[in-house]
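# Inside the fold
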Amino acid sequence: MNEELLNTLSSIIGTATPLVIASLGETITERAGVVNLSLDGSLALAAVVGFAAAWTAQETGVLSEPLQIAVGLGAAMLIGALIAVLIGFSSIKLRRDQVAIGFILTLLTADLARFFGAEYTRIPGPQITQFPLPILEDIPILGPVFFQQNILVYFSFILVFVVWFWLFRTNGGLSLRAIGERPSAAYARGANVNRLRYFYTFVGGALVGLAGAAYSLNVKPGWSSPPAMQGDGWIALAIVIFGGWHPFRAVLGAYLFAGLRAVSANIQTNGLYIFGQELEFPFVLLNMLPWLLMIVTLLVVSGGFTERLLSYMPLTVQRRLRAFLRSDPPKALGIRFDTE
Amino acid sequence: MKNSKSLFIQLTFTLIPIIISLVIAAILVSAVGRDPIEVVETLWKGAFSDSRKVGGVVNFWIPLTLVSIGLVVTFRAGLWNIGVEGQMMMGAIFASWGAQFILLDEGASFLLNIILIILAAIGGMVWAFVVGLLKIRMGVNEIFGGVALNALVNVISIYMISGPWQPSIGGSAQGTEPFPMPALLPEYSREFPVNIFMIFLVFALFIIVFTMLNATRWGLNLKAVGKNMRSALLLGVPTERTSMSAFLVCGALAGIAGSYRVLFTFDNLRPLATGGIGFLGLLVVLLLSVRLLWVPLVAFAFAAILTGSTRLQISLKLDSSLAGVLQGLMVLLVVLFQGVQEVFFPQANDSDDITPVDETAEVTV
């Protein structure tokens, strides 16, 4: 197989990793019935905090390099979790609308990131290094694409399966889905709805924080303004919807977006050739593609458009295609639960 | 009826969060090694030290008030018009098109201004229509439709600036050539560089929308749709048309706001010409729990912070994002404290407005 193609595929897997982790985190949070809309800002703030913590650890010179990275990742996860829990708290205790609080936090955390980031703009710091997995990396094609990556990428592979397993194969996952679908039924069966919501909001938020650190410690090392991940939070949120709140589909979505971005970036630097003929075209317009994809995917998975299209098809095809395309949110998503 | 005790509680619960947000901001400033008092001084001087500075505040206030009025309308209908930023930009692009290609001489400047403002309103409405269509007919949540359309219009603007509309010399992605004089909105004076006509227009639109919301069937329909879409439909309210009209009104106002940025503030079209004013408008309206009456006042305070912050970079080497931090903190804490008040002092509640910050309005993602 073509070397260049393998490199491109491998970099798609690498750059998609923050999107994978963030959308899995948000999938968990939303499955529990809480919307963390703040992703676009909290990714940025987590990136700054993660970088600053790792950099400070490096400066003090006490810790070894892997520990510096660990400090950065830990700090980022903590900040991501705190933001998410704040949304949970304001909804559960203070009865505020999750979307409103989430949106305010989107702007606030983005500005906080720029405010603190100004001190760290374009300074080099610790980075997560590549770590090819022995034996696995030698598998033809799969090896170079999937197993010559860094720890976070491998973590994201495992995370997908863990989230899936937890959601659909354990009792814990059953009550997680229950508190997002029918909290009153879950409550009647003895689940402490609000405590579980806090817990899963925390976990999901921590993953979002980790995704933020994945940018500043790996994908786009350091900090610059405007931040590298600007817009990715919204894309991750859209991926959750496209993914139908299912981890496998979410991952598929993340790779789809990263792939599309890689293709458009490639065309913008190298030009586009069809049958040896260079195509003249204002390539800057290619930056529209991810956002057009976002609209199209949401169009397909939600609401009337697909239904209308399906109604023209034979019944058997209809049923299968619907199961494949439709994506319905958890029924109690964004809705507060009161015991009385 | 409001009694004095509940008024006192309401006032307390507005003041405490603002004070706390100021304290937090002061701590943040100290954390990066600057003096908070100096920051306050810089902000104040940057906004009010002379009439030119006050003019600068007014120049932020005009577009901010316009988008905020529009957002009150969409929030009334229970719609999260995050796409307002893109609608503003589309207005700016439409106005820029007209400014470059509708050539009238100096004498017809006022007429041209009016034409361009109308063009901008149409531009904003076009972009709002797309969000509305995606939401109402195709089930795409308006938050995500809006975010995507914001990004799309930014790409379009960069394409126009670096492509068809690039300056004849030194074409770059910085901006188009300055528009011809007759297209630009005139300054009142060098000491007070604002456009008087626009100020009048803002107040006129404020009064019109206020009346429409509170004294017409349309206003009632909006409220019904915002409170409960299902029962509104069952009661015979044309819900789809009402929602779309809210988007269109907001789009038109945002478009006009966009035109002010390119026809007055910058004199040309540049990337991100909206300067985040659309998002700031969302904060203003959230802070006020969608009460239109106070919009001009709060918008003025926010505009002052924004204007003052431009000096932070120069005199204190502090990132101007501090303004956003302060505004964000204020809104967050005010909204959270409304929750505290509602949960712990429920007797002080008197508002029957639809507010997107509490859960009376049905908003789901």
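As shown above, the structure is provided for reference.
A few points on the structure. Only a predicted model underlies this, so the values are computations on that prediction, with no experimental measurement involved.

## A closer look at the overall build of chain A
Check the secondary structure of chain A and you find 14 helices and two strands. Relative to its length of 340 residues, chain A is compact, with a C-alpha radius of gyration of 21 Å against a globular reference of 20 Å. With the C-alpha coordinates aligned to their principal axes, the bounding extent of chain A is approximately 60 × 60 × 40 Å. For chain A, buried positions account for 52% of its 340 residues. Total accessible area computed for chain A in this model is approximately 15100 Å², and 65% of it derives from carbon and sulfur atoms. With 22 positive and 20 negative side-chain charges, chain A shows a separation of 16 Å between the mean positions of the two kinds.

## Concerning helix 5 (residues 109–138) of chain B
Its 30 residues give helix 5 of chain B an end-to-end C-alpha distance of 42 Å, which sits within 8% of 44 Å, the value for a rise of 1.5 Å per residue. A positive phi of about 70° marks Gly139 of chain B, the residue just after helix 5 of chain B.

## Examining the environment of Gly339 of chain B
With respect to the secondary-structure elements, Gly339 of chain B resides in helix 13 (residues 321–344). With a relative accessible area of 0%, Gly339 of chain B lands in the buried category. Considering only alpha carbons, one finds Gly339 of chain B and Gly107 of chain B, 232 residues apart in sequence, at a separation of 56 Å. With sequence-adjacent residues up to four places away left out, Gly339 of chain B is seen in contact with Leu94 and Arg96 of chain A.

## Things to note about the interface of chain B and chain A
Accessible area lost during the coming together of the parts is what is often quoted as the interface size. Listed as interface residues are 49 residues of chain B and, on the opposing side, 49 residues of chain A. Surface buried jointly by chain B and chain A totals about 4400 Å² across both partners, of which 79% is contributed by carbon and sulfur atoms. In this structure, the salt-bridge partner of Arg96 of chain A is Glu342 of chain B, at a minimum N-O distance of 3.0 Å. Counting the contacts that link chain B with chain A gives two residue pairs in polar contact (both at pLDDT 80 or more). Sorting elements by how many residues they give to the side of chain B that touches chain A places helix 13 of chain B first, with 15 residues. For the side of chain B that touches chain A, a count of residues per class yields 36 nonpolar, seven polar and six charged.

## What about unusual backbone geometry?
Cis geometry marks the peptide bond from Ser225 of chain A to Pro226 of chain A, where omega comes out at 0°. Along the chain, the position of Pro226 of chain A falls in the loop between helix 9 (193–219) and helix 10 (232–242). Although it is not a glycine, Asp267 of chain B adopts a positive phi angle of roughly 70°. Mapping Asp267 of chain B onto the fold places it in the loop between helix 10 (239–265) and helix 11 (277–287). Residue classification places Asp267 of chain B among the partly exposed positions, given a relative accessible area of 29%. Of note, the phi angle at Leu272 of chain B is positive, near 55°, even though the residue is not glycine. Looking at the secondary structure, you find Leu272 of chain B in the loop between helix 10 and helix 11. Classification of Leu272 of chain B by relative accessible area gives exposed; the value is 58%.

Rules of the game
- Residues numbered from 1 in each chain as written.
- Chains lettered and ligands numbered in written order.
- Predicted model: local features only at pLDDT ≥ 70, side-chain atom pairs only at ≥ 80, totals over all residues.
- Heavy atoms only, no water.
- Helix = DSSP H or I, 4+ residues; strand = E, 2+ residues; numbered from the N terminus.
- Rg over C-alpha atoms; globule rule 2.2 N^0.38 Å.
- Buried < 20%, exposed > 50% of the residue type's maximum accessible area, 1.4 Å probe, protein only.
- Areas by Shrake-Rupley, 256 points an atom, 1.4 Å probe, with all protein chains shown as cover.
- Lys, Arg positive; Asp, Glu negative; His and termini not counted.
- Charge placed at Lys NZ, Arg CZ, Asp CG, Glu CD.
- Expected span 1.5 Å × (residues − 1).
- Contact = heavy atoms within 4.5 Å.
- Buried area = accessible area lost by both parts, 1.4 Å probe.
- Salt bridge = Lys/Arg side-chain N within 4 Å of Asp/Glu carboxyl O.
- Polar contact = N/O pair within 3.5 Å; in protein donor to acceptor, adjacent residues only side chain to side chain.
- Nonpolar A, V, L, I, M, F, W, Y, C, P; charged D, E, K, R; others polar.

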